[in-house]
Amino acid sequence: MNQEELLKQMYEATLLGNAPVVLELTNAGLAMGLTPEILLFDSLIPSLEEVGARFERGDFFVPEMLIAGRAMAGALEVLRPLMVATGVEPVGTFLMGTVKGDVHDIGKNLVDIMLEGAGFHVIDLGVQVAPERFVEAIVEHKPDIVGFSAFLTTTMPMFKANMNALEKAGLRNEVIVMVGGAPVTQEYADAVGADGYAADASAAVKLAKDLLARRRSVAVA
Ligand code: B1M
(Lines give C-alpha, C1' and ligand atoms only; values in the text may rest on other atoms or scores of the structure.)
Protein backbone atom coordinates (compact mmCIF):
# COMPACT_ATOMS: atom_id res chain seq x y z
CA MET A 1 0.00 0.00 0.00
CA ASN A 2 1.39 3.44 -0.89
CA GLN A 3 0.81 6.68 1.07
CA GLU A 4 -2.07 7.82 -1.11
CA GLU A 5 -3.86 4.49 -0.73
CA LEU A 6 -3.35 4.58 3.02
CA LEU A 7 -4.87 8.06 3.31
CA LYS A 8 -7.84 6.95 1.20
CA GLN A 9 -8.38 3.80 3.27
CA MET A 10 -8.15 5.83 6.46
CA TYR A 11 -10.73 8.29 5.10
CA GLU A 12 -13.11 5.40 4.30
CA ALA A 13 -12.53 3.64 7.64
CA THR A 14 -13.25 6.89 9.55
CA LEU A 15 -16.39 7.42 7.50
CA LEU A 16 -17.56 3.94 8.52
CA GLY A 17 -16.45 4.48 12.11
CA ASN A 18 -14.14 1.49 12.03
CA ALA A 19 -11.97 2.50 14.99
CA PRO A 20 -9.59 -0.52 15.04
CA VAL A 21 -8.75 -0.06 11.34
CA VAL A 22 -8.30 3.72 11.76
CA LEU A 23 -5.90 3.05 14.63
CA GLU A 24 -4.00 0.44 12.63
CA LEU A 25 -3.72 2.80 9.64
CA THR A 26 -2.60 5.67 11.88
CA ASN A 27 0.29 3.57 13.14
CA ALA A 28 1.04 2.24 9.65
CA GLY A 29 1.03 5.77 8.21
CA LEU A 30 3.45 7.01 10.86
CA ALA A 31 5.70 4.02 10.24
CA MET A 32 5.63 4.90 6.54
CA GLY A 33 6.85 8.42 7.32
CA LEU A 34 3.56 10.34 7.04
CA THR A 35 3.42 13.25 9.49
CA PRO A 36 0.56 13.61 12.02
CA GLU A 37 -0.46 16.79 10.14
CA ILE A 38 -0.84 14.91 6.83
CA LEU A 39 -2.89 12.17 8.50
CA LEU A 40 -5.12 14.79 10.10
CA PHE A 41 -5.58 17.33 7.35
CA ASP A 42 -5.51 15.01 4.31
CA SER A 43 -7.63 12.19 5.68
CA LEU A 44 -9.20 12.32 9.14
CA ILE A 45 -10.67 15.84 9.08
CA PRO A 46 -11.99 15.65 5.48
CA SER A 47 -13.64 12.35 6.43
CA LEU A 48 -15.47 13.91 9.37
CA GLU A 49 -16.53 16.78 7.10
CA GLU A 50 -18.09 14.19 4.78
CA VAL A 51 -19.80 12.58 7.81
CA GLY A 52 -21.34 15.98 8.56
CA ALA A 53 -22.42 16.46 4.94
CA ARG A 54 -24.08 13.01 4.92
CA PHE A 55 -25.82 13.81 8.23
CA GLU A 56 -27.16 17.03 6.72
CA ARG A 57 -28.47 15.13 3.66
CA GLY A 58 -30.17 12.56 5.91
CA ASP A 59 -27.89 9.73 4.72
CA PHE A 60 -26.23 9.40 8.16
CA PHE A 61 -27.80 9.61 11.63
CA VAL A 62 -26.43 10.33 15.11
CA PRO A 63 -25.01 6.80 15.69
CA GLU A 64 -22.94 7.05 12.49
CA MET A 65 -21.65 10.48 13.57
CA LEU A 66 -20.84 9.05 16.97
CA ILE A 67 -18.78 6.08 15.77
CA ALA A 68 -16.95 8.21 13.19
CA GLY A 69 -16.12 10.68 15.96
CA ARG A 70 -14.85 7.87 18.18
CA ALA A 71 -12.66 6.51 15.38
CA MET A 72 -11.12 9.98 14.91
CA ALA A 73 -10.64 10.39 18.68
CA GLY A 74 -8.72 7.09 18.82
CA ALA A 75 -6.33 8.33 16.13
CA LEU A 76 -5.89 11.65 17.99
CA GLU A 77 -4.72 9.77 21.08
CA VAL A 78 -1.84 8.33 19.04
CA LEU A 79 -1.04 11.62 17.30
CA ARG A 80 -1.25 13.86 20.38
CA PRO A 81 2.15 12.99 21.94
CA LEU A 82 3.83 13.41 18.57
CA MET A 83 2.43 16.91 18.11
CA VAL A 84 3.08 18.44 21.51
CA ALA A 85 6.22 20.32 22.49
CA THR A 86 8.35 18.81 25.22
CA GLY A 87 10.51 20.39 27.88
CA VAL A 88 10.03 23.98 26.81
CA GLU A 89 9.01 26.87 29.05
CA PRO A 90 5.25 27.47 28.44
CA VAL A 91 4.57 30.59 26.34
CA GLY A 92 1.35 31.13 28.25
CA THR A 93 -1.60 29.37 29.90
CA PHE A 94 -4.73 28.62 27.88
CA LEU A 95 -7.97 27.58 29.59
CA MET A 96 -10.29 25.76 27.22
CA GLY A 97 -13.80 24.30 27.24
CA THR A 98 -16.83 23.45 25.13
CA VAL A 99 -19.79 25.55 26.25
CA LYS A 100 -22.78 24.33 28.27
CA GLY A 101 -25.23 22.19 26.30
CA ASP A 102 -22.65 21.07 23.75
CA VAL A 103 -20.86 17.70 23.80
CA HIS A 104 -18.66 18.11 20.70
CA ASP A 105 -15.00 17.93 21.62
CA ILE A 106 -12.93 16.62 18.71
CA GLY A 107 -12.26 20.08 17.25
CA LYS A 108 -11.55 21.51 20.70
CA ASN A 109 -9.12 18.67 21.45
CA LEU A 110 -7.33 19.32 18.19
CA VAL A 111 -6.95 23.01 19.09
CA ASP A 112 -5.55 21.88 22.48
CA ILE A 113 -3.00 19.63 20.81
CA MET A 114 -1.81 22.34 18.44
CA LEU A 115 -1.60 24.90 21.25
CA GLU A 116 0.45 22.45 23.31
CA GLY A 117 2.60 21.87 20.23
CA ALA A 118 3.22 25.62 20.10
CA GLY A 119 4.32 25.66 23.76
CA PHE A 120 1.12 26.69 25.59
CA HIS A 121 0.17 25.09 28.89
CA VAL A 122 -3.42 24.01 28.21
CA ILE A 123 -6.02 23.35 30.89
CA ASP A 124 -9.09 21.74 29.37
CA LEU A 125 -12.35 21.78 31.34
CA GLY A 126 -14.03 19.34 28.92
CA VAL A 127 -17.50 19.65 27.47
CA GLN A 128 -20.78 21.17 28.67
CA VAL A 129 -18.87 23.72 30.76
CA ALA A 130 -21.20 26.08 32.61
CA PRO A 131 -20.33 29.82 32.87
CA GLU A 132 -19.73 29.54 36.63
CA ARG A 133 -17.24 26.69 36.06
CA PHE A 134 -15.25 28.91 33.66
CA VAL A 135 -15.27 31.65 36.29
CA GLU A 136 -14.05 29.28 39.03
CA ALA A 137 -11.27 27.95 36.82
CA ILE A 138 -10.10 31.44 35.83
CA VAL A 139 -9.84 32.38 39.51
CA GLU A 140 -7.99 29.13 40.26
CA HIS A 141 -5.56 28.95 37.30
CA LYS A 142 -5.20 32.61 36.24
CA PRO A 143 -4.85 31.77 32.55
CA ASP A 144 -3.63 34.30 29.97
CA ILE A 145 -6.36 33.22 27.57
CA VAL A 146 -9.73 31.52 27.95
CA GLY A 147 -11.20 29.74 24.94
CA PHE A 148 -14.86 28.89 24.41
CA SER A 149 -15.79 26.31 21.75
CA ALA A 150 -19.36 25.92 20.42
CA PHE A 151 -20.34 23.59 17.60
CA LEU A 152 -24.08 24.11 17.41
CA THR A 153 -25.98 27.22 16.43
CA THR A 154 -28.13 26.54 19.51
CA THR A 155 -25.14 26.65 21.91
CA MET A 156 -23.36 29.69 20.42
CA PRO A 157 -25.43 32.05 22.66
CA MET A 158 -23.55 30.54 25.62
CA PHE A 159 -20.59 32.73 24.56
CA LYS A 160 -22.56 35.78 25.65
CA ALA A 161 -23.63 34.05 28.87
CA ASN A 162 -19.96 33.28 29.58
CA MET A 163 -18.94 36.87 28.83
CA ASN A 164 -21.65 38.14 31.20
CA ALA A 165 -20.41 35.77 33.91
CA LEU A 166 -16.84 37.07 33.48
CA GLU A 167 -18.07 40.68 33.67
CA LYS A 168 -20.12 39.94 36.78
CA ALA A 169 -17.13 38.29 38.49
CA GLY A 170 -14.91 41.30 37.60
CA LEU A 171 -12.66 39.08 35.47
CA ARG A 172 -13.30 40.38 31.96
CA ASN A 173 -10.16 42.53 31.86
CA GLU A 174 -8.02 39.86 33.50
CA VAL A 175 -8.12 37.44 30.61
CA ILE A 176 -8.09 37.37 26.82
CA VAL A 177 -11.21 35.68 25.39
CA MET A 178 -11.08 33.59 22.21
CA VAL A 179 -14.01 31.79 20.60
CA GLY A 180 -14.32 29.17 17.88
CA GLY A 181 -16.20 26.18 16.53
CA ALA A 182 -17.75 25.19 13.22
CA PRO A 183 -20.76 27.58 13.10
CA VAL A 184 -18.95 30.58 14.66
CA THR A 185 -17.97 33.62 12.57
CA GLN A 186 -15.85 36.71 13.13
CA GLU A 187 -19.05 38.81 13.15
CA TYR A 188 -20.53 36.63 15.89
CA ALA A 189 -17.33 36.82 17.92
CA ASP A 190 -17.35 40.63 17.61
CA ALA A 191 -21.03 40.77 18.58
CA VAL A 192 -20.43 38.90 21.85
CA GLY A 193 -17.36 41.01 22.65
CA ALA A 194 -14.68 38.30 22.34
CA ASP A 195 -11.09 39.41 21.72
CA GLY A 196 -10.59 36.98 18.89
CA TYR A 197 -12.02 34.26 16.67
CA ALA A 198 -10.19 31.55 14.74
CA ALA A 199 -11.65 29.23 12.12
CA ASP A 200 -9.33 26.28 12.70
CA ALA A 201 -6.63 24.95 14.99
CA SER A 202 -3.64 26.48 13.21
CA ALA A 203 -5.34 29.88 13.01
CA ALA A 204 -6.16 29.53 16.73
CA VAL A 205 -2.49 29.05 17.60
CA LYS A 206 -1.40 32.05 15.53
CA LEU A 207 -4.13 34.23 17.02
CA ALA A 208 -3.37 33.12 20.59
CA LYS A 209 0.28 34.08 20.14
CA ASP A 210 -0.61 37.43 18.53
CA LEU A 211 -3.16 38.38 21.19
CA LEU A 212 -0.77 37.44 23.98
CA ALA A 213 2.11 39.40 22.44
CA ARG A 214 -0.16 42.42 22.04
CA ARG A 215 -1.38 42.19 25.67
CA ARG A 216 2.20 41.84 26.97
CA SER A 217 3.49 44.77 24.93
CA VAL A 218 0.67 46.98 26.27
CA ALA A 219 1.48 45.86 29.84
CA VAL A 220 5.18 46.78 29.38
CA ALA A 221 4.45 50.19 27.76
CO1 B1M B 1 -22.78 16.73 15.77
N2 B1M B 1 -23.30 18.25 14.67
N3 B1M B 1 -24.49 16.80 16.71
N4 B1M B 1 -22.12 15.17 16.68
N5 B1M B 1 -21.35 16.69 14.52
C6 B1M B 1 -22.30 18.81 13.77
C7 B1M B 1 -21.49 19.91 14.48
C8 B1M B 1 -23.19 19.36 12.57
C9 B1M B 1 -22.53 20.54 11.82
C10 B1M B 1 -23.55 18.21 11.60
C11 B1M B 1 -24.33 18.71 10.42
O12 B1M B 1 -25.52 18.92 10.53
N13 B1M B 1 -23.68 18.90 9.28
C14 B1M B 1 -24.53 19.73 13.33
C15 B1M B 1 -24.61 21.15 13.87
C16 B1M B 1 -25.53 22.02 13.03
C17 B1M B 1 -25.57 23.39 13.59
O18 B1M B 1 -25.96 23.64 14.70
N19 B1M B 1 -25.19 24.35 12.74
C20 B1M B 1 -24.54 18.71 14.46
C21 B1M B 1 -25.70 18.33 15.18
C22 B1M B 1 -27.01 18.89 14.67
C23 B1M B 1 -25.65 17.46 16.30
C24 B1M B 1 -26.82 17.01 17.19
C25 B1M B 1 -27.81 18.13 17.57
C26 B1M B 1 -27.52 15.83 16.47
C27 B1M B 1 -28.79 15.33 17.14
O28 B1M B 1 -28.75 14.88 18.26
N29 B1M B 1 -29.87 15.44 16.42
C30 B1M B 1 -26.08 16.45 18.44
C31 B1M B 1 -25.85 17.55 19.51
C32 B1M B 1 -25.34 16.99 20.82
C33 B1M B 1 -24.94 18.13 21.77
O34 B1M B 1 -23.84 18.64 21.68
N35 B1M B 1 -25.84 18.53 22.65
C36 B1M B 1 -24.77 16.05 17.83
C37 B1M B 1 -23.97 15.01 18.33
C38 B1M B 1 -22.78 14.60 17.77
C39 B1M B 1 -22.00 13.36 18.25
C40 B1M B 1 -22.00 13.20 19.78
C41 B1M B 1 -22.64 12.15 17.62
C42 B1M B 1 -20.59 13.60 17.58
C43 B1M B 1 -19.59 14.37 18.52
C44 B1M B 1 -18.49 13.50 19.00
C45 B1M B 1 -17.44 14.31 19.73
O46 B1M B 1 -17.16 15.47 19.42
N47 B1M B 1 -16.86 13.69 20.72
C48 B1M B 1 -20.92 14.56 16.45
C49 B1M B 1 -20.07 14.78 15.34
C50 B1M B 1 -18.87 13.85 15.19
C51 B1M B 1 -20.32 15.83 14.39
C52 B1M B 1 -19.54 16.16 13.10
C53 B1M B 1 -19.90 15.10 12.07
C54 B1M B 1 -18.04 16.27 13.19
C55 B1M B 1 -17.53 17.30 14.22
C56 B1M B 1 -16.03 17.28 14.21
O57 B1M B 1 -15.42 16.67 15.08
N58 B1M B 1 -15.40 17.90 13.18
C59 B1M B 1 -20.14 17.60 12.75
C60 B1M B 1 -20.14 17.90 11.27
C61 B1M B 1 -19.00 18.83 10.84
O62 B1M B 1 -18.34 19.44 11.64
N63 B1M B 1 -18.81 18.95 9.57
C64 B1M B 1 -21.35 17.68 13.59
C65 B1M B 1 -13.95 17.86 12.98
C66 B1M B 1 -13.26 18.95 13.78
C67 B1M B 1 -11.75 18.81 13.58
O68 B1M B 1 -13.68 20.20 13.25
O69 B1M B 1 -15.29 20.61 15.15
O70 B1M B 1 -15.10 22.30 13.27
P71 B1M B 1 -14.44 21.30 14.15
O72 B1M B 1 -13.25 22.03 14.92
C73 B1M B 1 -12.34 22.93 14.26
C74 B1M B 1 -12.81 24.41 14.25
O75 B1M B 1 -14.18 24.55 14.52
C76 B1M B 1 -11.87 25.11 15.20
O77 B1M B 1 -10.70 24.32 15.17
C78 B1M B 1 -11.07 22.95 15.09
C79 B1M B 1 -9.92 22.18 14.50
O80 B1M B 1 -9.47 22.71 13.27
N81 B1M B 1 -12.24 25.30 16.60
C82 B1M B 1 -11.76 26.38 17.30
C83 B1M B 1 -12.94 24.52 17.43
N84 B1M B 1 -12.95 25.04 18.66
C85 B1M B 1 -12.23 26.19 18.62
C86 B1M B 1 -11.91 27.12 19.61
C87 B1M B 1 -11.13 28.22 19.25
C88 B1M B 1 -10.69 28.39 17.94
C89 B1M B 1 -10.99 27.48 16.95
O90 B1M B 1 -10.78 29.17 20.14
C91 B1M B 1 -11.17 29.05 21.47
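Residues numbered from 1 in each chain as written. Predicted model: local features only at pLDDT ≥ 70, side-chain atom pairs only at ≥ 80, totals over all residues. Heavy atoms only, no water.

Caption draft 1: Seen up close, the domain arrangement of the chain. When cut into domains, the chain gives domain 1 (3-85) and domain 2 (93-220). Once you take the C-alpha centre of each, domain 1 and domain 2 turn out to be 26 Å apart. Between domain 1 and domain 2, the residue contacts involve 11 residues of the former and 8 residues of the latter. When the two sides are added together, the surface that domain 1 and domain 2 hide from each other amounts to roughly 910 Å², 78% of it contributed by carbon and sulfur. Across the domain 1-domain 2 interface, the total number found is 1 salt bridge. (Domains from an automatic or database assignment. Contact = heavy atoms within 4.5 Å. Buried area = accessible area lost by both parts, 1.4 Å probe. Salt bridge = Lys/Arg side-chain N within 4 Å of Asp/Glu carboxyl O.)

Caption draft 2: Quick peek at the site of the ligand. The local shell around the ligand holds 34 residues, among which Glu56, Val103, His104, Asp105 and Ser149 are the closest. Separating a nitrogen atom of the ligand from a backbone N or O atom of glycine 101 is a distance of 3.0 Å. Within the contact set of the ligand, an oxygen atom lies 3.4 Å away from a side-chain nitrogen or oxygen of aspartate 102. Elements supplying a minimum of two residues to the shell around the ligand: helix H3 (36-57), helix H4 (62-83), helix H5 (106-117), strand S3 (145-149), strand S4 (176-180) and helix H9 (201-220). Counting residues per element, the shell around the ligand draws most heavily on H3, at 5 residues. (Near = heavy atom within 4 Å. Polar contact = N/O pair within 3.5 Å; in protein donor to acceptor, adjacent residues only side chain to side chain. Helix = DSSP H or I, 4+ residues; strand = E, 2+ residues; numbered from the N terminus.)

Caption draft 3: Representation of the side chain of serine 43 in the model. Its location among the elements puts serine 43 in helix H3. At 2.9 Å, the side chain of serine 43 and the backbone oxygen of leucine 7 are in polar contact. If sequence neighbours within four positions are ignored, serine 43 has contacts with Leu7, Met10, Tyr11 and Ile38.

Caption draft 4: The coordination of the cobalt atom of the ligand, seen in detail. On the protein, His104 (NE2) is the one donor atom to the cobalt atom of the ligand, at 2.2 Å. With respect to the helices and strands, the residue histidine 104 is situated in the loop between strand S1 (92-98) and H5. (Donors = N, O, S within 2.8 Å, 3.2 Å for Na, K, Ca; no water.)

Caption draft 5: Focus on the environment of methionine 96. Along the chain, methionine 96 turns up in strand S1. Expressed as a C-alpha distance, the spacing of methionine 96 and alanine 208, which sit 112 residues apart in the sequence, is 12 Å. Residues contacting methionine 96, with those up to four places away along its chain left out, are Lys108, Val111, Asp112, Val122, Ile123, Asp124, Leu125, Gly126, Phe134, Gly147 and Ser149.

Caption draft 6: Representation of H3 in the model. Its 22 residues give H3 an end-to-end C-alpha distance of 30 Å, which sits within 8% of 32 Å, the value for a rise of 1.5 Å per residue. Its axis deflected by about 30° at leucine 44, H3 carries its strongest bend there, up to four residues before the proline proline 46. Every buried residue of H3 is listed here: Pro36, Leu39, Leu40, Ser43, Leu44, Ser47 and Val51. Buried residues belonging to H3 abut helix H1 (3-15), helix H2 (19-31), H4 and H5. Immediately downstream of H3, the backbone of glycine 58 shows phi near 85°, a positive value. (Expected span 1.5 Å × (residues − 1). Bend = angle between axes of the 7 residues up to and from the residue. Buried < 20%, exposed > 50% of the residue type's maximum accessible area, 1.4 Å probe, protein only.)

Caption draft 7: Up close: the packing of aromatic side chains. Under the defined criterion, the tally for this structure stands at 4 aromatic pairs. Here the aromatic rings of phenylalanine 134 and phenylalanine 148 are separated by 4.7 Å at their centres, their planes lie at 70°, and the arrangement is edge-to-face. With phenylalanine 134 in helix H6 (residues 131-141) and phenylalanine 148 in strand S3, this residue pair connects regions lying 14 residues apart in the sequence. Judged on exposure class, the residue phenylalanine 134 and its partner phenylalanine 148 are both buried. For the pair phenylalanine 148 and phenylalanine 159, a centre-to-centre distance of 6.4 Å together with 25° between the ring planes defines the contact as stacked. (Phe/Tyr/Trp six-rings, centres within 6.5 Å; stacked < 30°, edge-to-face > 60°.)

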